[in-house]
Amino acid sequence: NEWEAPGHSRARRGSGRGCGACANLSIKPDGSNSLENAFPTIAIEFDFENNLPPFPDKMVPGTDRICNWVCSKCSHKWPARVANRTTHNSGCPACAGFVVHISGNNSMAVTHPWLAAEFDLESNYPLVPEDFLAATNQQLWWRCSECDYLWPSNGGNRVFEQGCPVCAKPGYDP
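Residues numbered from 1 in each chain as written. Predicted model: local features only at pLDDT ≥ 70, side-chain atom pairs only at ≥ 80, totals over all residues. Heavy atoms only, no water.

J.: Just to check I follow, could you spell out the overall build of the protein for this structure?
T.: Along its length, the protein carries eight helices and four strands. When the helices and strands of the protein are placed in sequence order, the string is α-α-α-β-β-α-α-α-α-β-β-α. Each of the 174 residues in the protein was classed as buried or not, and the buried ones make up 34%. Across the protein, every contact between residues at least 6 apart in sequence was considered, and the portion connecting residues at least 24 apart equals 27%. As displayed, the protein offers around 11,000 Å² of accessible surface, 52% of which is attributable to carbon and sulfur atoms. (Helix = DSSP H or I, 4+ residues; strand = E, 2+ residues; numbered from the N terminus. Buried < 20%, exposed > 50% of the residue type's maximum accessible area, 1.4 Å probe, protein only. Contact = heavy atoms within 4.5 Å. Areas by Shrake-Rupley, 256 points an atom, 1.4 Å probe, with all protein chains shown as cover.)

Structure (structure tokens):
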């Protein structure tokens with residue numbers, strides 16, 4: 001591979017300024033180190049409609065560029081750094097259960113309807129149960145379906161059986 005560089009940058013010891021293609025900082029002439037060739041299963045999830053060039057055939061896998069992706073399994077769309085996808089093997093956050101899927105099929109309203117029924121729409125406005133995973137760490141307001149008591153708690157506590165403090169078996173006097 002050939003490239004242009006000033007002589008002093010090549011003469012300094014430990015300068016680390018060798019061939020950019022060999023260091024995976026630029027695409028080799030044959031394209032073998034491109035995202036498309038080195039990580040084809042990741043490259044097929046590149047969202048061509050919502051990204052500007054360079055595209056996977058002209059992009060090195062270790063770039064810090066944030067690109068948009070479309071999951072090949074569930075069609076969820078999300079932004080992520082190319083390097084995170086390639087070096088950390090990160091995939092679709094909806095399939096991993098980290099975010100609500102665009103279809104809402106993993107939202108609190110679908111997976112835990114009993115919990116969504118106690119989600120207080122007025123106190124949490126403009127948020128709705130469809131915006132959250134059931135085990136969210138976000139503090140939300142809940143209204144007991146038995147005694148109408150209103151209290152704050154995160155979804156994670158509620159999922160793991162923390163119910164209304166007034167109706168709790170041992171009792172609780174607010």
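J.: Quick question: what am I supposed to make of the pairing of strand β2 (residues 77-81) here?
T.: On a regular strand, one side chain projects to one face of the sheet and the next to the other, so that they alternate. Burial along β2 is one-sided: the face carrying Trp-78 and Ala-80 is buried and the face carrying Lys-77, Pro-79 and Arg-81 is not. Summarising the sheet, strand β1 (residues 66-70) and β2 pair through five bridges and their orientation is antiparallel. Opposite Trp-69, over in β2, you have Trp-78 as the bridge partner. The antiparallel pairing of β1 with β2 creates a hairpin that spans six residues between the two strands, and Ser-75 there sits at a positive phi of about 70°. (Pairing = 2+ DSSP bridges.)

J.: Quick question: what am I supposed to make of the pairing of strand β3 (residues 139-143) here?
T.: Across the two faces of β3 the burial differs, with Leu-140 and Trp-142 buried and Gln-139, Trp-141 and Arg-143 not buried at all. Looking at chain direction, β3 and strand β4 (residues 150-154) are connected through five bridges and run antiparallel. The partner of Gln-139 across the bridge, within β4, is Asn-154.

J.: Teacher, can you tell me more about the layout of surface pockets here?
T.: The gaps left among the atoms become clear once a water-sized probe is rolled over them. Looking at the largest pocket, its volume works out to about 170 Å³. In terms of residue class, the lining of the largest pocket is built from four nonpolar, four polar and three charged. (1 Å grid on protein atoms, 1.4 Å probe; cavity = no way out; pocket = protein on both sides within 12 Å on 5 of 7 lines; lining within 4 Å. Points joined across faces, edges and corners; volume = space filled by probe spheres on them. Nonpolar A, V, L, I, M, F, W, Y, C, P; charged D, E, K, R; others polar.)

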